[in-house]
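Now for the letters of each chain:
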Amino acid sequence: MAPEAEKSIETDLFARQLLANVGDEVTAVDLIAERAGVIIADATIALLQLELAGEVAAVPGGYIRVRSA
């Protein structure tokens with residue numbers, strides 16, 4: 001497997017791990033990072049990517065999962 005593909009898979013798994021810790025109620029970034037076992041900086045970057053992909057939304061106090069209709 002190409003290094004780019006391996007990195008993409010790792011990034012996707014990491015993002016899914018964070019997404020699993022975001023629900024319908026506002027969840028703070030530090031709590032998401034703690035639950036996922038990662039540092040806050042990495043969690044923030046991944047959450048921004050998830051936000052750009054339409055999976056989560058940044059709200060006052062943290063993030064919530066976006067449900068598609």
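Everything in this summary refers to the structure shown in the same document. Fair warning: this is a prediction, and the values are worked out from it, not measured in the lab.

The tally for this structure, following the rule as stated, stands at one salt bridge. One salt bridge connects arginine 16 with glutamate 55, and the closest N-O pair in it is separated by 3.9 Å. Taken together, the positions of arginine 16 in helix α1 (residues 3-19) and glutamate 55 in the loop between α3 (40-52) and β1 (56-59) put the pair 39 residues apart, joining distant regions of the chain. On the accessibility criterion, glutamate 55 (27% relative accessible area) is partly exposed.

This part is about the environment of valine 56. With respect to the helices and strands, the residue valine 56 is situated in strand β1. A C-alpha to C-alpha distance of 9.0 Å links valine 56 and glycine 23, two positions 33 residues apart in sequence. Ignoring sequence-local partners within four residues, the contact set of valine 56 consists of Leu19, Val22, Leu47, Leu50, Glu51, Tyr63, Ile64, Arg65 and Val66.

Turning next to the pairing of strand β2 (residues 62-65). Each regular strand shows side chains that alternate between the opposite faces of the sheet. Pairing between β1 and β2: four bridges, direction antiparallel. Of the residues in β2, the one forming a bridge with alanine 57 is isoleucine 64.

Here we take up the packing of helix α2 (residues 29-36) against α3. With their axes 9 Å apart at the nearest point, α2 and α3 run at an angle of 105° to one another. One element, α2, and the other, α3, form an angle in the roughly perpendicular class. Of the residues in α3, those touching α2 at Val29, Asp30, Ile32 and Ala33 are Ile40, Ala43, Thr44 and Leu47. Tallied by class, residues from the contact of α2 with α3 come to six nonpolar, one polar and one charged.

A few words on the environment of arginine 16. For arginine 16, a relative accessible area of 38% translates into the label partly exposed. Through-space distance from the C-alpha of arginine 16 to that of leucine 50 is 9.0 Å; in sequence the pair is 34 residues apart.

The next subject is the environment of threonine 27. Structurally, threonine 27 can be placed in the loop between α1 and α2. Sequence-wise, threonine 27 and valine 59 are 32 residues apart; in three dimensions their C-alpha atoms are separated by 9.2 Å. Discounting residues that sit within four places of it in the chain, threonine 27 has contacts with Asn21, Ile32, Arg35, Gly61, Gly62 and Tyr63. From its side chain, threonine 27 meets the backbone oxygen of glutamate 25 in a polar contact 3.2 Å long.

Along α2, the positions that sit buried rather than exposed are Val29, Ile32, Ala33 and Ala36. Take α2 and look down its axis: the buried residues cluster within an arc of 95°, on one side only.

About the cut-offs
Residues numbered from 1 in each chain as written. Predicted model: local features only at pLDDT ≥ 70, side-chain atom pairs only at ≥ 80, totals over all residues. Heavy atoms only, no water. Salt bridge = Lys/Arg side-chain N within 4 Å of Asp/Glu carboxyl O. Helix = DSSP H or I, 4+ residues; strand = E, 2+ residues; numbered from the N terminus. Buried < 20%, exposed > 50% of the residue type's maximum accessible area, 1.4 Å probe, protein only. Contact = heavy atoms within 4.5 Å. Pairing = 2+ DSSP bridges. Axes fitted to C-alpha atoms, helices over the stretch in contact; angles between N-to-C directions. Parallel < 35°, antiparallel > 145°, perpendicular 65-115°, else oblique. Nonpolar A, V, L, I, M, F, W, Y, C, P; charged D, E, K, R; others polar. Polar contact = N/O pair within 3.5 Å; in protein donor to acceptor, adjacent residues only side chain to side chain. Arc of directions from axis to C-beta.

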